[in-house]
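Here's the letter readout for the chains.
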Amino acid sequence: MKPLAGIRVVELARILAGPWCGQLLADLGAEVVKVERPGAGDDTRHWGPPFVTAPDGAPRDAAYFHAANRGKRSVAIDIATPEGQGEVRALVAEADVVIENYKVGGLAKYGLDHAALSAVRPGLVTCSITGFGQDGPYAHRAGYDFIIQAMGGAMSLTGEPDGAPQKSGVAYADIFTGVYAAVAILAALRRRDLTGEGAHIDMALLDTQVAVLGNQALNYLASGRVPGRMGNGHANLAPYQAFETADGALVIAVGNDAQFARLCDVLGLALHEDARFATNPGRVTHRSALVAAVQAAVATWRKAALYEALEAAGIPAGPIHALDEVFADRHVVARGMRISPDGLPGLAGPIVIDGQRMVAERGAPARPGGSQSLR
């Protein structure tokens, strides 16, 4: 039995952060019913190409939609109508959790906000996901991952030092918010188990983006110095970046002084005997000279040979894979990260409990036909 078996979730969310949260809960065993607009459905059903085709040849909407909606059932309801509002209340009456990403106050005009739904279902946990949160001067604004990565500082840290700020290749403010939202929901359900109290969770993309600045945020708060873009370099470790071999790039990630000494042995260098480079603080301080020396030595190796030598010496390293190489990697294959729920292309979740990977057996739902037509 999966951990969330018996938990019922109503998802009044679209695009990515809310659906990602719902998908994670579905992977863990919750029953998730996604409420979509009649006709068009979730916006991301149309965010293609590419589009997914079912084994029988039937079109199944954009790959983007399938990335965030595995394991759910779907129902088409027009919540702007009294009939639709009644249908949502009927779903919530048997639910434990509601996930919604409407604008602040957007559901209140339909009588579907947390206070109103809690009257229908005492002990309800409602998770509201917005760009900027339920209060504050930006609360009324729409939030998009790209904008959040810009405003939250991530883009100022991403890219080459002499290049333009860059966003991540995936919408990680959205995805992190979905993951944190799932953690918050589980915490609220645990409290409900103890006290019987429901909860209204306020999740903001900007809050999440700022929170996951991690060590870079603390670097700034502790020093007062604003970190800049370092390409593939690491703000607090050296050498910890991509280096060019004779036939391609290889990431070398030295995490301590012993690993650095072994790296020097592999490369035939004596840098670890130099007082400037003997410890990590010194290597970070003298990063430019260090990187130049390591790069000169790495350039004499072929990538496969150096990778093998580093692995044998216990030095963390890895190639930079394109996605076809990721899914062909023998370890990724062995871990079962590529799945085919309902014969559709799928990506497994990362959680494994007692040897069982937590991933929903069903794929993303087909577009529902009419009101209350669960698919």
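Basis of the calculations
Residues numbered from 1 in each chain as written. Predicted model: local features only at pLDDT ≥ 70, side-chain atom pairs only at ≥ 80, totals over all residues. Heavy atoms only, no water. Buried < 20%, exposed > 50% of the residue type's maximum accessible area, 1.4 Å probe, protein only. Helix = DSSP H or I, 4+ residues; strand = E, 2+ residues; numbered from the N terminus. Pairing = 2+ DSSP bridges. Right-handed = clockwise from strand over helix to strand, strands pointing away. Axes fitted to C-alpha atoms, helices over the stretch in contact; angles between N-to-C directions. Parallel < 35°, antiparallel > 145°, perpendicular 65-115°, else oblique. Left-handed = near helix turned anticlockwise from the far one by under 90°. Contact = heavy atoms within 4.5 Å. Nonpolar A, V, L, I, M, F, W, Y, C, P; charged D, E, K, R; others polar. Patch = residues over 30% accessible without salt bridge, like charges linked within 9 Å, V, L, I, M, F, W, Y side chains within 5 Å. Areas by Shrake-Rupley, 256 points an atom, 1.4 Å probe, with all protein chains shown as cover. Salt bridge = Lys/Arg side-chain N within 4 Å of Asp/Glu carboxyl O. Core = buried A, V, L, I, M, F, W, Y, C linked by side-chain atoms within 4.5 Å. Polar contact = N/O pair within 3.5 Å; in protein donor to acceptor, adjacent residues only side chain to side chain. Phe/Tyr/Trp six-rings, centres within 6.5 Å; stacked < 30°, edge-to-face > 60°. Lys NZ or Arg CZ within 6 Å of the ring centre and 35° of its normal.

## Let's talk about the pairing of strand β6 (residues 97–100)
Along β6, one buried face is formed by Val97 and Ile99 and the opposite face, lined by Val98 and Glu100, is buried too. Relative to β6, strand β1 (residues 8–12) is paired through four bridges, and the arrangement is parallel. The partner of valine 9 across the bridge, within β6, is valine 97. Note that the unit made of β6, helix α4 (residues 114–120) and strand β7 (residues 125–130) has a crossover that is right-handed.

## Digging into the packing of helix α9 (residues 257–267) against helix α12 (residues 303–312)
Running from amino to carboxyl end, α9 crosses α12 at an angle of 140°, the nearest separation of the two axes being 10 Å. Classified by the angle their axes make, α9 and α12 are oblique. Handedness of the crossing formed by α9 with α12: right-handed. Between α9, through Leu263, Val266 and Leu267, and α12, the contact on the second element is made entirely by Leu306, Ala309 and Leu310. Split by residue class, the contact of α9 with α12 holds six nonpolar, no polar and no charged.

## A short note on a nonpolar patch on the surface
Taken together, the side chains of Tyr138, Tyr144, Ile147 and Met151 make up a nonpolar region of the molecular surface, amounting to roughly 400 Å² of accessible area. Within the secondary structure, tyrosine 138 sits in the loop between β7 and α5 (145–151). Its relative accessible area of 36% is what places tyrosine 138 among the partly exposed residues.

## Observations concerning the nonpolar core
Counting 32 residues, the largest nonpolar core has Val9, Leu25, Val97, Ile99, Ile129, Ile185 and Ile201 as the members making the most contacts within it. At the level of elements, α1 (17–27), β6, β7, α6 (172–195), β8 (199–204) and α7 (205–211) are the ones that each hand at least two residues to this core. Look past the residues within four positions of isoleucine 129 in its chain and what remains in contact with it is Ala17, Gly18, Ile99, Glu100, Asn101, Tyr102, Thr177, Ala181, Met203 and Leu205.

## Structural notes on the sheet that holds strand β10 (residues 248–253)
In spatial order, the strands read β9-β10-β11; together these three strands make up an open sheet with antiparallel pairing. The open sheet is flanked by β9 (240–245) and β11 (317–319), the only strands paired with a single partner. On average, each strand axis in the sheet is tilted by 30° relative to the strand beside it, whichever way the strands run. With respect to the sheet, helix α11 (residues 287–298) is in contact with β9 and β10, its orientation differing from that of β9 by roughly 35°.

## Side note on the environment of leucine 344
The residue leucine 344 is located in the loop between β12 (338–339) and β13 (346–347) in this model. Accessibility expressed as a relative area gives 2% for leucine 344, which makes it buried. Excluding residues that lie within four positions of it along the chain, leucine 344 makes contacts with Val52, Thr53, Ala54, Pro55, Arg60, His66, Ile339 and Ala364.

## A closer look at the side chain of arginine 45
Assignment of secondary structure puts arginine 45 in the loop between β2 (31–36) and β3 (51–53). Given a relative accessible area of 1%, arginine 45 falls into the buried group. At a separation of 3.3 Å, a polar atom in the side chain of arginine 45 contacts the main-chain carbonyl oxygen of alanine 366.

## Let's talk about the pattern of salt bridges
One pass over the full model with this rule turns up 17 salt bridges. For aspartate 43, the salt bridge goes to arginine 37, with nearest N and O atoms at 2.4 Å. Judged by relative accessible area, which is 25%, aspartate 43 ranks as partly exposed. One connected set of salt bridges, linked through shared partners, spans Arg8, Glu31, Arg73 and Glu94.

## A look at the packing of aromatic side chains
Applying the stated criterion across every chain yields a total of four aromatic pairs. When the ring of tryptophan 47 is compared with that of tyrosine 64, the centres are 5.0 Å apart and the planes differ by 75°; the resulting orientation is edge-to-face. Here tyrosine 64 lies in helix α2 (residues 63–68) and tryptophan 47 lies in the loop between β2 and β3, a separation of 17 residues in the sequence. Centre to centre, the rings of tyrosine 172 and phenylalanine 176 are 5.7 Å apart; their planes meet at 75°, and the pair counts as edge-to-face. With a gap of four residues between them, tyrosine 172 and phenylalanine 176 both fall in helix α6, about one helical turn apart. Residue phenylalanine 176 is classed as partly exposed on the basis of its relative accessible area of 34%. Through pairs of rings, three or more aromatic residues link up here, namely Tyr172, Phe176 and Tyr180. Here the guanidinium or amino end of arginine 141 rests over the ring plane of tyrosine 138, the centre of that ring lying 3.9 Å away.

Honestly, that's just the spatial picture; any functional story needs more than this.
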